[in-house]
Amino acid sequence: MSETVFTFGGDATQVNPRQKDKTVTGGKGANLAEMAAIGLPVPPGFTIATSECLAYLAGGADFSHALRNDVAVALAHVERTVGKRFGDAADPLLVSVRSGAAVSMPGMMDTVLNLGLNDNTVEGLAATSGDERFAWDSYRRFVQMYSDVVLGLDHGLFEEALEIAKEDRGLSSDTEMQAADWRALVDEFKAIARRELGHEFPQDVNIQLWGAIAAVFDSWDTERAKVYRRLNDIPHDMGTAANVQAMVFGNMGETSATGVAFTRDPSTGEKAYYGEWLVNAQGEDVVAGLRTPQYLTRARREAAGAEKPSMEEAMPAAYGELTAVFDLLEKHYADMQDIEFTVQQGKLWLLQTRSGKRTAKAALKIAVDMVGEGLIDERTAILRVDPMALDQLLHPTLDPDAPRDVLTTGLPASPGAASGRIVLDADTAERWAGRGEKVILVRVETSPEDIHGMHAAAGILTARGGMTSHAAVVARGMGRPCVSGANKVAIAREGRTLTIGHRELREGDVITIDGANGQVMAGEVATIEPELAGDFATLMEWADRHRRMRVRTNAETAADCRMARQFGAEGIGLCRTEHMFFDAARISAVRQMILADDEAGRRKALGTLLPEQRGDFETIFEVMAGLPCTIRLLDPPLHEFLPHGDAEFEDLAEASNVPVEKLRRRAAELHEFNPMLGHRGCRLGITYPEIYEMQARAIFEAACTVRQRSGEAPLPEIMIPLIATRRELQILKALVDQVAEEVFAERGMRVDYLVGTMIELPRAALMAGEIAADAEFFSFGTNDLTQTTLGVSRDDAGRFLAEYVDKGIFARDPFVSLDVDGVGQLVELAAARGRQTRPNIKLGICGEHGGDPASIAFCEQVGLDYISASPYRVPIARLAAAQAALR
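A. Structural context of the layout of surface pockets. Computed from the structure, the second largest pocket encloses a volume of approximately 640 Å³. Around the second largest pocket, the lining comprises 30 residues; the ones closest to its centre are Met-676, Arg-680, Asp-784, Gln-787 and Arg-794. Contributing elements (two or more residues each) for the lining of the second largest pocket: strand 27 (572-576), helix 21 (578-581) and helix 31 (782-790). Tallying contributions element by element places helix 31 first for the lining of the second largest pocket, with five residues. Among the residues forming the lining of the second largest pocket, the class breakdown is nine nonpolar, ten polar and eleven charged.

B. Broad picture of the side chain of Thr-497. Looking at the secondary structure, you find Thr-497 in strand 21 (residues 497-500). Since its relative accessible area comes to 10%, Thr-497 is described here as buried. Residues within four places of Thr-497 in sequence aside, it is in contact with Leu-424, Ala-490, Ile-491, Ala-492, Glu-504, Leu-505 and Arg-506.

C. Representation of empty space enclosed by the protein in the model. Using the criterion set out here, one finds one cavity of 30 Å³ or more in the structure. The calculated volume of the largest cavity comes to roughly 30 Å³. The wall of the largest cavity is formed by Asn-554, Gly-847, Glu-848, Gly-851, Ala-869, Ser-870 and Arg-873.

D. Focus on the pairing of strand 8 (residues 257-262). The buried count for strand 8 comes to six of six residues, which makes it a mostly enclosed element. Burial along strand 8 is two-sided: Ala-257, Gly-259 and Ala-261 facing one way and Thr-258, Val-260 and Phe-262 facing the other are all buried. Strand direction decides the pairing type here: strand 8 and strand 9 (residues 274-279), joined by six bridges, are antiparallel. Bridge pairing in strand 9 links Ala-261 to Gly-275. Two strands pair when backbone bridges link them, and strand 8 and strand 11 (residues 337-344) are joined in this way by six bridges, in the antiparallel orientation. Following the sheet pairing, Gly-259 is matched in strand 11 by Phe-341.

E. Layout of the sheet that holds strand 29 (residues 715-720). Pairing is parallel around the closed barrel formed by eight strands, whose spatial order is 26-27-28-29-30-31-32-33. Direction aside, neighbouring strands of the sheet carry axes that sit 25 degrees apart on average. Sitting on the sheet, helix 33 (residues 823-837) touches strand 31 (777-780) and strand 32 (842-845), and the angle it makes with strand 31 is about 175 degrees.

F. Quick look at the nonpolar core. Counting residues in hydrophobic clusters, the biggest one holds 130 residues, and the most contacted among them are Phe-617, Phe-621, Phe-700, Ile-720, Phe-778 and Ile-867. By residue number, the principal contributor to this core is helix 27 (residues 689-710), which donates eleven residues. Residues within four places of Phe-700 in sequence aside, it is in contact with Ile-718, Val-736, Val-739, Ala-740, Val-743, Phe-744 and Tyr-753.

G. View of the pairing of strand 23 (residues 510-514). Counting buried positions along strand 23 gives four out of five residues, so the element sits mostly inside the fold. When strand 16 (residues 417-423) meets strand 23, the two strands line up antiparallel, connected through five bridges. Note on strand 23: the bridge partner recorded for Gly-420 is Ile-511. Of the strand pairs in this sheet, strand 23 and strand 24 (residues 519-522) are connected by four bridges, and their pairing is antiparallel. Bridge assignment links Ile-511 to a residue of strand 24, and that residue is Ala-522. Here strand 23 folds back onto strand 24, and the loop between the two strands holds four residues, one of which, Gly-518, carries a positive phi near 85 degrees.

Definitions and cut-offs
- Residues numbered from 1 in each chain as written.
- Predicted model: local features only at pLDDT ≥ 70, side-chain atom pairs only at ≥ 80, totals over all residues.
- Heavy atoms only, no water.
- 1 Å grid on protein atoms, 1.4 Å probe; cavity = no way out; pocket = protein on both sides within 12 Å on 5 of 7 lines; lining within 4 Å.
- Points joined across faces, edges and corners; volume = space filled by probe spheres on them.
- Helix = DSSP H or I, 4+ residues; strand = E, 2+ residues; numbered from the N terminus.
- Nonpolar A, V, L, I, M, F, W, Y, C, P; charged D, E, K, R; others polar.
- Buried < 20%, exposed > 50% of the residue type's maximum accessible area, 1.4 Å probe, protein only.
- Contact = heavy atoms within 4.5 Å.
- Pairing = 2+ DSSP bridges.
- Axes fitted to C-alpha atoms, helices over the stretch in contact; angles between N-to-C directions.
- Core = buried A, V, L, I, M, F, W, Y, C linked by side-chain atoms within 4.5 Å.

Dropping the structure here:
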């Protein structure tokens, strides 16, 4: 038995354990074998393992003799099962060759259908099927697809030839083309291939087969596949399997069809069959959006007001078989399934099943409903929902009462709403989004090459394609709103304009799309904040029951604190006090303080800032009464607050009554060549203790006021930033404690508080045991700890980090997901040494990594007490913390 080629279907009823392993045979191969083994109608075939893909890519794009022999044996199995021979001119076996990685990557890799056709076998297919039109239609499809996927020719050349052929014959639809028309078009297609390649289109079926297998393996390394993996955190070293399967035909006339279906609605999660189909078509027609398909069920057709019959109405027997398969597969896999099927002359065949991509709303509903139905338990439901997908639910939606200038209505392919400037290609979308613009990518239909633009866009609009087209499936997976099949949209690429009905719009004009109802609107439509109840609240309640770590927020305004509390935050993990200093009404006093010549001048300016800071802390403590609040004392280098332009210097000179020349001279004195490692953090507190003294006073006075007012005191945790030595912390802790005693004496009351530090320098991590003698908590500032450990500037790394990820130097961007092997070691070491000195030391993380599920899993492993994330990421962190605890 081969270790890398696995057969399924026919007499291959036993599934090899390795065959069930998706890392070996990919999701598609594993599921095809499993479906065939439980007796479902699956065309026979074989799967070439992912390891062969990796060997092919590493070995100079060549195949071993052993693999060629194993494939010949597997192909003989398919021939025996269907009673046809590959390459037989009289009665040919035709096959499809499809990719299939361990993790689903819809549309990112390649497929070839109808393989095995040539000038001889097409005649045999016509004779055995009794349908010459079908045979030549299949041949033209094969030449076009093989030329594009395997030979690398521009598919637009073939599309243009097809459109000209229809135009010359006065036809509007592919289905009106007759056998002679297709035969003539095949000759034209082969002539295009000959002209572009300099040689004939390949007629040898074995050359065709190995060319297609090579193309599938090569597609693992295409730019679009790399981008998709980077966006979805899929490892680059997994490779794809290749699935070779006997063809079944949905284009054999009015009793044949093809379709894509979901066992539940992937947009809403409703327990209702959802899908699309096309009569007399092949799968690519549906998935690629080449024709706008029909509804699967009568109910959906009627709800949409569509005229063409549903599959339920047109093919009731095959539809009945399909619904029985839906129920069986959903119970078997205990998850919502995405199924590709073909009906060949009335007989149903299954080509694929996989766990369906779904929106966050659908994921929540399906998980909660399946617990209620007894299909899965509460723990499985928690693990089933991608924490990052919750981001889709946490942002504003269109105000139902806002005025709408509706231009047209398409299909509601992916829910959510977005406003942005029209862009007509993926590169422009990425470029404009990179400069901070919100954009809507508008295309006739999307292709896998558009993946980078789809990710950059706020929303996607297509003129063609259905709700299971490439655009719809990828948009749902990304959480992007999408309206597809808006057939009143006409794009003029040359003039960079588009027409919707009678309205002409230009690239750069603002439109709004609503993926929930398919509306496309002119201009920007007002939004409202989301309501988080129902299934969301249920899942969060389950998550909170199972997680160990607490979840706090990074916030420094009352509005952010209220939002975070609404999302379930259990305190503040990082309040950046410098953000308060940047307020326009205060910046002048801050600058006067910085530019003062002596301590007296600084204290005068700080006296102006004290009541402002106290007021800030009061509003925060009122929202967070009774909860811990970690407040970081001033951290950034002073030059960040200084004036930049002439006008700002003149304004400051007038406000401070100091000559402009003197201000410029002082600014020059404060200039630093490497401010990130310069006079900042605790170094400011050591050299200008009056700054930290004012901030500590503001904190303690505010805490006393809130306790007096509400009866419930917050727990201030005063954090000294950028500590490298124990002595720095000792000096500044003594200062904070002294101010605390002064305020408590003045107010006649006390509040509990802690003093700790941020571990953000490698030396601090190494010396954590010594520093913990004075620190009552550590908060790991992993943004700066990553910079200082890797020697990489976060602000400049964007120029090269993507390439580092692509080349496997880093598994992920280390500023997005914690570098567990390097930075993680320092966190683990500091936690262990800190606890050795002070067993009850409180440990948390407050960098951006606190909202990243992979980093949260590491925090659980190390045993941190809490994680802290931005307000909108608090629910993500709650769910990720529960998943980490369960795993």
